[in-house]
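Secondary and tertiary structure notes
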Amino acid sequence: MARHSEEDAGMAKAPPAARQRKKKPKENKTRTVHANILHDCAKGDENPNRHYANNKIKTTKYTVLSFLPKNLFEQFHRFANVYFVFIALLNFVPVVNAFQPELALAPVVFILSVTAIKDLWEDYRRHRSDKEINHMDCLVYSRAERRYVEKYWKEVRVGDFIRLRCNEILPADVLLLSSSDPDRLCHIETATLDGETNLKQRQVVRSFYDLDCEFDPLKYNSIIECEKPNNDLNRFRGYIIHRSGRRDALYKENLLLRGCTIRNTEEAVGIVIYAGHETKAMLNNNGPRYKRSKLERQMNVDVFWCVIILLVMCLFAAVGHGLWMFQYGDNRPVFDVLSPEGTNLSPIMSAIYLFLTMIIVFQVLIPISLFVSIEIVKICQVYFIHQDMDLYDEETDSHLQCRALNITEDLGQMQYIFSDKTGTLTENKMVFRRCTVAGVEYSHDANARRLAMYQEMDSEEEESMSHGGTLPRRDSVTSHQSARVVLRSQSTKSHRRTGSRAEAKRANITPDPKLLDKVNDCSSQMDFMRFHSQPMSQLPSDLSDIIDFFIALTICNTVVVSSPNQPRHKVTLTCSGQKHHLITNRSSNKGCSSLLSSPSAESTLTKLHEEQPSGGLEQAFSPIPPSYDGKTSWNLDEGELRYEAESPDEAALVYAARAYKCSLVGRLPDQVIVELPHLGKLSFELLHTLGFDSTRKRMSVVVRHPLTDQITVYTKGADSVIMDLIKPPDTGKRQKKIVCRTQHYLNLYAADGLRTLCIAKKILSKEEYACWLQRHLAAETAIQGREELLFESALQLETNLHLLGATGIEDRLQDGVPETIASLRKAGLQIWVLTGDKQETAVNIAYACKLLDPEEELLTLNAKFLCSPSGPTTKSFNTNFSPFDIYSSSSPSSQSTPFLVHRLGLVIDGRTLAYALDKSLEDKFLAVARSCRSVLCCRSTPLQKSMVVKLVRNKLKVMTLAIGDGANDVSMIQVADVGVGISGQEGMQAVMASDFALPRFRYLQKLLLVHGHWCYSRLANMILYFFYKNAMFVALIFWYQFYCGFSGSAMIDQWYLIFFNLMFSAFPQLITGTLDKDVSAETLQQLPQLYVNGQNSEEYKPYMFWMNMIDAFYQSLVCFFIPYFAYADSDVDLFTWGTPITTLALFTILLHLGTETKTWTWMNWMSIAFSIALFFTVALCYNASCPACYSPSNPYWTMQRLLQEPLFYLLCFITPIAALLPRFFYRACQGTLFPSPVQLGRQLDKLPADIRRNILSLSRVKVGSPLCPKLPFLSLAKASPKGYYKKDGRSQVVVLALCTFSSSCWIGKHRGPFLAVLLHSKFF
Amino acid sequence: MMASSYSAKDEDGHITVSGPGGGTLRNKKPENTAFKQQRLPAWQPILTAGTVLPAFFIIGLIFIPIGIGLYVTSNNIKEFEIDYTGDDTSSPCYNCAKNFSWNNTKSCTCTIPFQLDQPYESNVFMYYGLSNFYQNHRRYVKSRDDSQLNGNIDSLKVGASSPMASRKKKKPSKECEPYASIDNKPIAPCGAIANSMFNDTLKLFYNDPNGTSVPIPLTSTGIAWWTDKHVKFRNPVGTNSNLTAVFQGTVKPVNWHRPVYELDTDPENNGFINEDFIVWMRTAALPTFRKLYRIIQKKNNMAPTLPRGNYTLVVDYNYPVRSFEGRKRMILSTISWMGGKNPFLGIAYITVGSVCFFLGVVLLVIHHKYGNRNNSANISN
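Residues numbered from 1 in each chain as written. Chains lettered and ligands numbered in written order. Predicted model: local features only at pLDDT ≥ 70, side-chain atom pairs only at ≥ 80, totals over all residues. Heavy atoms only, no water.

Spelled out, the test is: UniProt positions are given in the numbering used here, feature names are shortened, and annotations may be inferred rather than shown by experiment.
If you check an unreviewed UniProt entry, chain B appears there as Cell cycle control protein from Astatotilapia calliptera. Word for word, the UniProt comment on chain B under Sequence similarities (unreviewed entry) is "Belongs to the CDC50/LEM3 family."

An unreviewed UniProt entry lists chain A under the name Phospholipid-transporting ATPase, with Astatotilapia calliptera given as the organism. The record in UniProt for chain A states the following under Cofactor (unreviewed entry): "Mg(2+)". Its UniProt record gives chain A a comment under Sequence similarities (unreviewed entry), which states: "Belongs to the cation transport ATPase (P-type) (TC 3.A.3) family. Type IV subfamily."

Set out below in C-alpha cells:
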C-alpha cells in the first residue's frame, strides 16, 4: 500500500523529466537497445537504455499543480470566455461598475468552473485508468534473482526481458525472442489496437529460432538497432547485431505490440523495445476530433449579430445619457450624483463611462450559458443515440459509437452520402459461388440453391427473433457452442464470426459434382504417379491446372488455422505418414541453397534443415494436453477447423477448397500443410509470401511443391492486373483459349455482382529463383526504402504467369440495404457510391441495392487509355460535357434547388475520374454528376475517393457524409463533414477515423432520419430560444433606460439579473433541448421526406433569428409596459417594481418555451415547475436573509410583500398571455393554413394507428403527395423546367468513342441535347 | 479483469461520454426503458386553429369580466390632486418657488385653497408627488449606506481618529461618496438619497362652512413598511439611549435643515426610524412618483373622513424642483384592495380579453374554411 502511494506522488513529476531526458540522444535515426541485465549493477548512468521512456504511462493532461493555470489557459482559448472575463473585470473599475464586482464574477466563474470540473473529472478518470494499467503485473527477468519476478507494468524498462503467458496483455512493444510454441510462433489478438479479432502470427527473431532449450536471458548479448518510435502499426524495421557481428533483419512479424493479447501460446519471452508512451499503441492513441457543426457556424454568425445589437443598444443609451445630462446644463439636479471624488463629469465623459456600464448591464445578451448548454445537450443527445436499441447489433454485440461529440446535429442536415461498397453496402462476408478452371465453368448450382435456402432461413430467423423479444441470438441458437464460449471466457470478446448458425453453415460449400469428380480423378492419378515415381509433369495439363488451382486457393493466403474447441492451443496434428515428404523436401533443398552465397541468405534457407531434426514433427505436433481430452473426442474431425483470415474472401476460398477435400490443416511460418484427397497431407515449404497490397492488387506465395519439387509461385489477385501479367499467349493456342474464355466468364461473374479473383501460377527454375532471391533478401534487410525495394522485387517475380482459373465470390448485400437507400433517397439525400471494385460488379450491386433503377438511363464514362490529363482528352471532355453546362447555368438558383435531378445514373471509372477531377474539368464533372440521380465511381483509389468528397463538399457547399468500413475509406471519411465507419469485417481503421461508428449500414437510416432530425431540430430550436430569451430579458432593462435618464440603472435586482440565465430559466430548455421530439421515430422513418426539413435548415434560418429578436422585443415591451402603466404614478419603489417584472419575464419565457415544446413528458412539467419554484424559493430566501446587505437593491421583504398584493397576481395573469398572444396565434394559423411537412407528420402521429398505417402506405406509393410539396424528386416534367429532357424512349444511348484521343463525336439518336456517353469498354 | 479494464481504456480513449458501455464484457445491449429509448409517455399538443380555439375563447371570457371588475373598482376610488410647484405666476406658491434653492434656510409658506366635490368616506391617504425627479438614477440609487441605517455604530465613527476602530470598517460606506463625510466627520445619514430628502411640510385645514378653519389631524406613523421601520432601519444604540448623544460627532447632510435626531419629537419616530425618512429612502421606480406623506384616519363611522367642502393646504415650501423642471403635487386618495386609483389594469384586461375573443373568432373562421380541408387532404393522400 505504501508503495502505491509513493508511486502516485512520483507519478506527477516523472513524465516531464522523462521527456527531457528523451531529447538528449536525439538526431539518431535509429534506436539502439541493449539488454538491461548486462547493466543491472551499474546503476542508472551507464545503462545505454536510460534515455528511453519508461513504461509508465500518463495520459492525464494536468497535474495537481498545473491544473488551474493550464485549464484556465485552455478555456480562454474560447473567445466567449475572454469576453465574459473582460466584462467581469470591467466591473472593478469604480466609474463604470454596474454590479457588485464580486457578484459580477459569479457567472463567469460558474461557467469556467463547470467546464473545469468536467475536465477534472475526465482527467481523473484517465488518471485512474492509468494507475490501474500501470499497476498491472508482468514477469520481468531479474539478474539478481536469476528468474522472472513479478513487477508492475510501469517498472518495465526498455531492454528488460519479459515473460508472457497465454491470455496476458503485453505491457510494452516487445521483440519476440522465444516462444513455447514448437514452431517458434506466437499468436496475438490485436482487437484492442485495431479491432481485428482474427489471430495474428508473430515469429521469433530468426537468430533465436533454433534454440532448442529455453531461452536464457543471461546468454543474450546482442544489440538491437531499430527505428525511432512511430505510430505505424504495420511497420517495424531494424536489425539485431549479434556478438559475432552477424546481422539479422527484424520485421513487424517479430514485434508484439502493447495492448495485444497473447493467444494460443503457452509462453513467450521477449525484450522490450519501446515502452510507455513510445509504444505504437500509445502513439496511435489520439483523442476525439473536434469538428464544428454547420449549425454552430450559423449560430456564431448570430452571436456576432448579438454583439452588434449590444453595441447599438449601448451606444444608444450612451448618447441618450449624454443628451439627458446636457439638457440640465450647469444646473446639476440633486439626483445626479457627483462622482465619488466630488468632481463634476461632463456629459461627454459620462456618456463614455455609461457606454462601458451598459456593456456590463447588457452582457446577458451574449448568452454566456449558451455554449455550456449546447455542450450539455449534445452530451445528452450522444447518450441517447448510444442507448438506442435499434442501433444495437446483436450479432456483434456492438452498438453505435459516437466518436465525435459535437456534431450530432449535422446528422440531420446531410445532403450527400458517399458510400463505399464492399463491407458497407455488402456484408463483406464472402461466399464462394462459382469458379472457372482452365477455361471450364463450374456453376455450383447446388450450392446456390442451398444458399438461397439459408437466406430464407435467415430472414425467418430474424423475424422470429424480432417477435421473440430480447433473447440474444447467440444463446438461443448456438447452444452447441456454449462449450466454446465457456472455454474462451478469458478472451476479451467472443469471436466476431461466431454469429448465427446459418452463417456458419454458409461457409460449407456444396461442391460442384463435375469438378469434384475431376479433382478426385486428378489426385488419384497423382497418387498413382507418385507411387510409381513418375514425374508429375506428365499429368494432363487440364487436370494439373485443377489441382494447382485448388492448391493455390489453399495456400496463397495468410489464413491461420485454429480449432474452436481448443482456444488456447493452435491446432496440432498427429500424423506420421508425412515424415518422408519432409525428408525428401529437405534433401532437395540442399541443392538449391548451395547456389546461394550470401551468408544471410544461407541462414534463411539452411536453418530450415537444422531446425527439424528427424522425428521433429512428432515432437513439434505434440498431442493435445490431457485436460482437453474429453472434448476433443467429439470434434477433432477436420470440419471443426476454423480459418482466421485477415480478409474474408481469403477465408471463403479456403473453405471452398476444403469442400473439394483440399483442406488447409496447418500453417507455419515456413510451411503450409495441406490435405489432399488420396495424397494425404502434403507439406509445402513456404519460401516467401508477398503480401497483398492495394497498388499491386495481388498476393503471391513462393513454395516448393512437394510432389514435383519445383519452386512454384502462386498468385491470386484482381482480374485486371492478373490478366495483364499472363504470359503472352503466343506460347500455346490452348492457353490463349483459356485466357479468352476465362475473361468471358469473368465478365459474366461480374455481371452477376460477384467479386472476381484470378488465380495464376508460375514455375521458377532454380537459377531464376536464386537470382531473384538474392535481390529480394537484399531488399528485405535494407532499412531505408525497404518498401519500395520489396515492391520492385515483387513486381519482378509476378510476371509471365500461367492462368489457372478464376473464382466468383458473392458478397451478400447487407440486410435492409435497398430499403435504406430508397428511404435515404426519398429523404432527399444524394447517394454516391465510390468503390474500388470493378465496374460491372459495382453496377450490378448498385442495381441490387436499388441505387440504380432499371428504368434509368445509364451514363457511363470510361476513358480507354491512360494518358496525362492534359492534352486532347481534356478537349474532348470539354466538348462532351458542354451540354451539361446548360444545366448548371440554367439553374442559377442552384443553392435553393440544388437537385435538378433527372432519371440518370452516372457510372465513372477510376481512370476517367482522374480526368474528371482535373481542375479544368471538375466543374463540368460536377454539373453532370449533379444532374444524375445516382453516381457510381468504380475502381477509384482511396485518394480519388477523398478528392471526390472534397470536390463536392467545397464546390457545391453541401453537407457530406462518407461511410465506409475499410482502410481505403479512411481518407474519404476524414474529408467529409461527417464520417461514418462501419465496424465490420475489415478491422477498425475506418472506425478509428470516423465520427460515428455503426455496426451495419441499415442503421444509417435511423441515425440520420430519426436521430439526426431530432438532434438538429432540438438544437436549432434551443439556440433560437436562447437568443430570444436573452434578448427579451435584456430589452426589459433597455426600455427602462428611457425612464431613468439612461443612467444604466436596472430595476431588476442584480442577483436576478445575473442568475436568471444560469439558474431560473436554465433547466427547462435543457430538458426540451434533450428530449423534445417534433415527430415520432416511426413517422420519421416512414416518411423520409421529413428529413428535408433539416437539409434546408428550416428550423433555423437566418430570418428566424431576426423574427425571434423582434418577438423578444415585443414581448419585453409587453412585460415592461404592463407593469409600468399598472404602477404609474404610484408609491412603488424601484425593486418592488422590478421584482414583478422579473417574475413576469420568467413566466413569459417559460410559457414561450411551452409553446415551442412539442412533447410534454413529466420531465418537462417537472423542470418548469422546478424553475418557478426555484425562483420563488430563492427570491423569498434572498429577500428575507439580510436587511442591510445587497446594496443597493436591499430587497428586504420585497417578495413577501408582493405575494400579499392582488395586483401582483393580476399582472402575472395578464402579461404572459398578452406577450405570447401573437406567437401563439401565428403558430395556430400556421398549423392550419400552411403547415410544414413536419407539422403534418406530427398530426399524423396523433391519428389512430390503423389510419396512420393506411395513410403511410398510400403516401409511400405517391412520393409527390401533398405531404411533401417541395420534394426534390417530383415528377420529371416539373423537375426540368425547360424541357431539356423528355422521357420518350427506353434507352437513349449515345455512343461516343473516346478510344482515340482526338475524335469525339456525338451520335445523337434523339434530337434533344440530353446525352448519355457510353463508351464501349474492352469488356464488351 | 485486466483485459476488460484495458480495453475499456482503449475504447473510449479520451472520450468524455460513451454511456455505460465502456467496454464491458457483458452484453452491451442498451436497456429497453422508456427513458433510454425516448419513449416517455408524453402529451403532444398540436397548435392548429381547431385545437387552440377554445383557449382563446376561454381567455376572452375570463378576462373581460375581470377587466370590468377592476375598472369599476378603480373608478370607485376617489382621488384629488393639487400641483403646488408654483411655476405659474397665478399660483400661490409662485413667490416661494421663484428664487428658492437648497441654501435657503428660512422657509417660505404658501397657502392653497381647494375644494372637494365628494366626501371621502374611508381612510384618506395623503401623498406628495414629484415629477421629473429621477430617484432611479444609477448613482443616486446606490448612494446610501444600509449598514449605517441599520444602526451599525461603526458607520458613524470618524475616520482614522481612534486606533481601535481603524481595524474595523468604521466610515460610512464609500458608496455614499461624495456625501459621506464633511471635514472628516461622517454624515448621518450619508449619501445622496438622504441628502435630497423631501422637506416640504404639508398641512390641511378644513374650512368650515361657518368660516373657521379646522386643522385636520394627520397621522405620520404607519406610512412606512413595517419591516423597514422595525428591521431595516434602526437607530444606533450607543452607551446611552439619548439619540443626540449617539449621533455625537456626526454632521447632518448638507441640504438638511435639522440634524437627523431632531426629525421628530416622538422618540419612536426619530432618527433613522423616522417614517418620512424611511419612505424617502425607498427610491421610486419611475421619475414621476408619489410617496405616502400622512394618513387621515377615519374617526367615527358616522361622518366621512373628509366631508365635501373647502379646504386649505398650507405648505412650508422648502424643496426646490424648478432647477430640473420638476413638479410637486399633493394627492389625497382613498384606497381599495388593489391599491390606488389606476384604471389601466382594468382596461388592459378588457382589451386583451376582447382581442383574444376576436382572434378566437378569426380562428374559428379559419378552422371552418381550411381546417377540414387539411385533414381530408391528409387522409386522402
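1. Brief notes about the packing of helix α7 (residues 294–328) of chain A against helix α9 (residues 368–387) of chain A
Packed helix pairs are characterised by how far apart their axes lie and by the angle those axes make with each other. Residue and element names in this part refer to chain A. Going by this rule: Each axis is a line fitted through C-alpha atoms, and for a helix only the stretch in contact is used; angles between axes span 0 to 180 degrees, taken between their N-to-C directions. Helix and strand labels come from DSSP, where a helix needs a run of H or I of at least four residues and a strand needs a run of E of at least two; each type is numbered from the N terminus. Here roughly perpendicular refers to angles of 65 to 115 degrees, roughly parallel to angles under 35, roughly antiparallel to angles over 145, and oblique to all remaining angles. Two helices that cross are described as forming a left-handed crossing if the nearer one is turned anticlockwise from the farther one by less than a right angle, and a right-handed crossing if clockwise. The criterion used for residue contact is that any of the two residues' heavy atoms lie within 4.5 Å.
Orientation of α7 relative to α9, taken along the N-to-C sense of each, is 165°, at an axis distance of 13 Å. By the angle class used here, α7 and α9 are roughly antiparallel. Pair α7 / α9 crosses with right-handed handedness. Counted together, Glu 296, Met 299, Asn 300 and Val 303 of α7 and Leu 370, Phe 371, Ile 374 and Lys 378 of α9 form the full contact between these two elements.

2. Things to note about the environment of Trp1137(A)
Applicable threshold: Residue burial is assigned from relative accessible area. The probe radius is 1.4 Å, only protein chains are included, and a residue is buried under 20% of its type maximum, exposed over 50%, and partly exposed in between.
Positionally, Trp1137(A) belongs in helix α39 (residues 1134–1156). Taking relative accessible area as the criterion, Trp1137(A) reaches 0% and is therefore assigned buried. Residues Trp1137(A) and Glu225(A), 912 residues apart in the sequence, show an inter-C-alpha distance of 81 Å. Contacts of Trp1137(A), omitting those with residues within four sequence positions, involve Tyr1040(A), Met1051(A), Phe1120(A), Pro1123(A), Tyr1124(A), Tyr1127(A), Val1132(A), Ala285(B) and Leu286(B).

3. Structural notes on the UniProt feature "domain: P-type ATPase C-terminal" (unreviewed entry) in chain A
UniProt's feature table lists "domain: P-type ATPase C-terminal" (unreviewed entry) at residues 991–1236 of chain A, given in the numbering used throughout. With 72% helix and 1% strand, residues 991–1236 of chain A has its two end C-alpha atoms placed 37 Å apart.

4. Quick word on the sheet that holds strand β8 (residues 223–227) of chain A
Residue and element names in this part refer to chain A. Basically, it comes down to this: Strand pairing is defined by DSSP finding a minimum of two bridges between the two strands.
Pairing is antiparallel in the open sheet, where 4 strands are placed in the order β1-β8-β9-β10. With partners counted over all chains shown, the strands left at the sheet margins are β1 (30–33) and β10 (247–250), one partner each. This sheet shows a mean twist of 20° between the axes of neighbouring strands, independent of strand direction.

5. Let's talk about a positive patch on the surface
To keep it simple, the criterion reads: Any residue with relative accessible area above 30% and no salt bridge may belong to a patch, with like charges joined within 9 Å and the nonpolar Val, Leu, Ile, Met, Phe, Trp and Tyr side chains within 5 Å. Accessible surface is estimated by sampling points in the Shrake-Rupley manner with a 1.4 Å probe; for residues, cover comes only from the protein chains shown. The term salt bridge refers to a pairing of a side-chain nitrogen on Lys or Arg with a carboxyl oxygen on Asp or Glu at a separation within 4 Å. Positive charges are assigned to Lys and Arg, negative charges to Asp and Glu, while His and the chain termini are left out of the count. Where a charge lies is defined by one atom per residue type, namely NZ (Lys), CZ (Arg), CG (Asp) and CD (Glu).
Taken together, Lys733(A), Lys736(A), Lys737(A) and Arg741(A) make up a surface patch of like positive charges. Within the secondary structure, Lys736(A) sits in helix α22 (residues 733–751).

6. Some remarks on the interface of chain A and chain B
The condition is simple: Summed over both partners, the accessible surface that disappears when two parts come together, traced with a 1.4 Å probe, is what is meant by buried area. The definition of a polar contact used here is a pair of N or O atoms within 3.5 Å, where within protein one atom must be able to donate a hydrogen and the other to accept one, and adjacent residues in sequence count solely through side-chain atom pairs. Asp, Glu, Lys and Arg are counted as charged, while Ala, Val, Leu, Ile, Met, Phe, Trp, Tyr, Cys and Pro are counted as nonpolar; the rest, among them Gly, fall into the polar class.
Across the boundary between the two partners, chain A contributes 135 residues, which contact 113 residues of chain B. Summed over both partners, the interface of chain A with chain B buries about 11100 Å², with 64% contributed by carbon and sulfur atoms. Broken down residue by residue, the surface that chain A buries against chain B is led by Val334(A), Phe335(A) and Asp1129(A), which jointly contribute 7%. Where chain A meets chain B, there are 5 salt bridges. The shortest N-O distance in the salt bridge between Asp336(A) and Arg139(B) comes to 3.3 Å. Where chain A meets chain B, there are 27 residue pairs in polar contact (both at pLDDT 80 or more). Among the elements that make up the side of chain A that touches chain B, the one with the highest residue count is helix α42 (residues 1206–1233) of chain A (17 residues). Grouping the amino acids of the side of chain A that touches chain B by side-chain chemistry returns 74 nonpolar, 37 polar and 24 charged.

7. Regarding the pairing of strand β10 (residues 327–333) of chain B
Residue and element names in this part refer to chain B. The element β10 is extensively covered by neighbouring structure, given that 6 of its 7 residues are classed as buried. Pairing of strand β1 (residues 79–83) with β10, which is carried by 5 bridges, proceeds in the antiparallel orientation. Across the sheet, the residue bridging to Glu 79 is Ser 333, located in β10. Where strand β3 (residues 124–131) lies against β10, 7 bridges are found, and the strand directions are antiparallel. Looking at β10, one finds that Leu 130 is bridged to Lys 328.

8. Structural notes on the nonpolar core
Formally: To define a nonpolar core, start from buried Ala, Val, Leu, Ile, Met, Phe, Trp, Tyr and Cys residues and group those joined through side-chain atoms within 4.5 Å.
Among the nonpolar cores identified, the biggest contains 141 residues, and Phe362(A), Phe1027(A), Tyr1100(A), Phe1120(A), Trp1137(A) and Leu363(B) are the most heavily contacted of them. Broken down by element, this core gets its largest block of residues, 20 residues, from helix α33 (residues 1003–1041) of chain A. Excluding its chain neighbours within four sequence positions, the residues that come into contact with Leu363(B) are Phe1225(A), Ala1228(A), Cys1229(A), Ala49(B), Val52(B), Leu53(B) and Phe56(B). Within the second largest apolar cluster, 74 residues are counted, among which are Tyr120(B), Tyr140(B), Ile278(B) and Phe289(B).

9. A closer look at the pattern of salt bridges
Residues and elements named next belong to chain B. Following the criterion strictly, the structure yields 43 salt bridges over all chains and no others. Two residues, Asp 200 and Lys 328, come together in a salt bridge whose shortest N-O distance is 2.6 Å. One end of the pair, Asp 200, is in the loop between α7 (192–195) and β6 (201–207); the other, Lys 328, is in strand β10, and 128 residues separate them in sequence. As a salt-bridge pair, Arg 294 and Asp 276 come within 3.0 Å of each other at their nearest N and O atoms. One end of the pair, Arg 294, is in strand β8 (residues 289–296); the other, Asp 276, is in helix α10 (residues 275–281), with 18 residues separating them in the sequence. Neither residue differs from the other here; Arg 294 and Asp 276 are each classed as buried.

10. With respect to the state of the cysteines
Selection rule: Working definition: a disulfide is two cysteine sulfur atoms within 2.5 Å of each other.
One pass over the full model with this rule turns up 4 disulfides over all chains. Here Cys96(B) connects covalently by a disulfide to Cys108(B), the sulfurs 1.7 Å from one another. In this structure, the disulfide formed by Cys96(B) and Cys108(B) twists by about -75° around the S-S bond and is classed as left-handed. Of this pair, Cys96(B) sits in helix α3 (residues 94–98) while Cys108(B) is found in strand β2 (residues 108–116), placing the two residues 12 residues apart along the sequence. Classification of Cys96(B) as buried rests on a relative accessible area of 4%. In this structure Cys108(B) comes out as partly exposed when scored by relative accessible area, which is 22%. For chain B, the bonded cysteines pair up as 1-4, 2-3, 5-6 when numbered in the order they occur along the sequence. The closest cysteine sulfur to the non-disulfide-bonded Cys380(A) is located on Cys1015(A), 11 Å from its own sulfur. Judged by its relative accessible area of 25%, Cys380(A) falls in the partly exposed class.

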